[in-house]
Amino acid sequence: QVQLVESGGGLVQPGGSLRLSCAASGRTLSTYTMGWFRQAPGNERLFVASMSGSGISTYYTDSVKGRFTISRDNAKNTLYLQMNSLKPEDTAIYYCAVRQSRGYSVYDARDYTYWGQGTQVTVSS
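This is a predicted model, so every value here is computed, not measured. Within each chain, residue numbers correspond to sequence positions counted from 1 in written order. Selection of residues for local features in this predicted model requires a pLDDT of at least 70, selection of side-chain atom pairs for listing and counting requires 80 or more, and totals for whole chains, interfaces and linings are taken over all residues. Water and hydrogen atoms play no part in the side-chain values, which are based on all heavy atoms of the structure.

### Observations regarding the environment of Gln 120
Relative to the helices and strands, Gln 120 is located in strand E11 (residues 119–123). Throughout this description, buried means an accessible area under 20% of the type-specific maximum (1.4 Å probe, protein chains only), exposed means over 50%, and partly exposed covers the range between. The class of Gln 120 is partly exposed, set by a relative accessible area of 40%. Gln 120 sits 22 residues away from Val 98 along the chain, and the two C-alpha atoms are 19 Å apart. Other than its neighbours up to four places away in sequence, Gln 120 contacts Gly 9, Gly 10, Thr 91, Ala 92 and Ile 93. Going along the chain from the N terminus, every DSSP run of H or I of four or more residues is numbered as a helix, and every run of E of two or more is numbered as a strand. We call two residues contacting when some pair of their heavy atoms lies within 4.5 Å.

### Let's talk about the state of the cysteines
Note that a disulfide, as used here, is simply two cysteine sulfur atoms within 2.5 Å. This structure, assessed with the given rule, holds one disulfide. One disulfide bridge connects Cys 22 with Cys 96, the sulfur atoms lying 1.9 Å from each other. Judged by the sign of its S-S torsion, about 50°, the bond between Cys 22 and Cys 96 is right-handed. You can see Cys 22 sitting in strand E3 (residues 18–25) and its partner Cys 96 sitting in strand E9 (residues 92–99), a full 74 residues away along the chain. According to the relative accessible area criterion, Cys 96 is buried, its value standing at 0%.

### Re the nonpolar core
In this text, buried Ala, Val, Leu, Ile, Met, Phe, Trp, Tyr and Cys residues form a nonpolar core when linked through side-chain atoms within 4.5 Å. With 28 residues, the main nonpolar core has Leu 4, Trp 36, Leu 81, Met 83 and Tyr 94 as its most contacted residues. Breaking this core down by element, the ones donating at least two residues are E3, strand E4 (34–39), strand E5 (46–51), strand E7 (68–73), strand E8 (78–83), E9 and E11. Look past the residues within four positions of Tyr 94 in its chain and what remains in contact with it is Glu 6, Leu 20, Trp 36, Phe 37, Arg 38, Val 48, Phe 68, Leu 81, Met 83, Gly 118, Thr 119 and Val 121. Core analysis: the next-biggest nonpolar cluster, separate from the first, contains five residues, Phe 37, Phe 47, Val 106 and Tyr 112 among them.

### As for the sheet that holds E7
When DSSP finds two or more bridges between two strands, those strands count as paired. Pairing in this open sheet of four strands is antiparallel, and the strands run E1-E3-E8-E7 from one edge to the other. Every interior strand has two partners, whereas the edge strands, strand E1 (3–7) and E7, have only one. With strand direction ignored, the average angle separating the axes of adjacent strands in the sheet is 15°. Sheet topology note: the E1/E3 ladder contains five bridges and is antiparallel. Geometry is summarised by axes, namely lines fitted to C-alpha atoms with helices restricted to the contacting stretch, and by angles between N-to-C directions that run from 0 to 180 degrees.

### Let's talk about the pattern of salt bridges
Oppositely charged side chains may form a pair once their charged atoms are brought near each other. Salt bridges, as used here, are contacts in which a Lys or Arg side-chain nitrogen is within 4 Å of a carboxyl oxygen on Asp or Glu. In this structure the tally under the stated criterion is five salt bridges. Notably, a salt bridge pairs Asp 111 with Arg 99, separated by 2.7 Å at the nearest N-O pair. A residue pair is termed long-range when its members are at least 10 positions apart, and Asp 111 in the loop between E9 and strand E10 (112–115) and Arg 99 in strand E9 qualify at 12 residues. In this structure, Asp 111 and Arg 99 share a single accessibility class: buried. Note that Asp 108 is salt-bridged to Arg 110, the shortest N-O span being 2.7 Å. Because the salt bridges share partners, they merge into one network encompassing Arg 38, Arg 67 and Asp 90.

This is the structure we're talking about:
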């Protein structure tokens with residue numbers, strides 16, 4: 001069984017930065033694509049970014065391109081999301097997840113099996 005624990009969320013002013021971490025245990029995840037999703041109140045859980053196990057392939061939703069950077073340290077079994085130039089519309093609970101493909105796209109939450117409990121990110125002045 002895989003356990004994922006996110007950390008690093010908080011309250012930040014517009015234009016500020018945060019770095020999220022997702023520590024995994026229970027299985028070595030170096031061969032799995034991992035991703036970040038976010039969910040704002042009343043909305044569905046939406047794709048933010050993902051990275052292949054090797055780190056070669058990365059994907060971002062358009063609204064975060066140029067501002068967010070996904071990375072991973074397979075030796076530490078940890079996934080990161082560096083978020084810069086934060087905007088109020090980035091406010092959400094951020095979840096990390098492990099992909100075990102069920103035939104959906106890398107952008108689809110249904111293709112991810114294991115999820116963390118989430119960490120709140122609030123961007124407000």
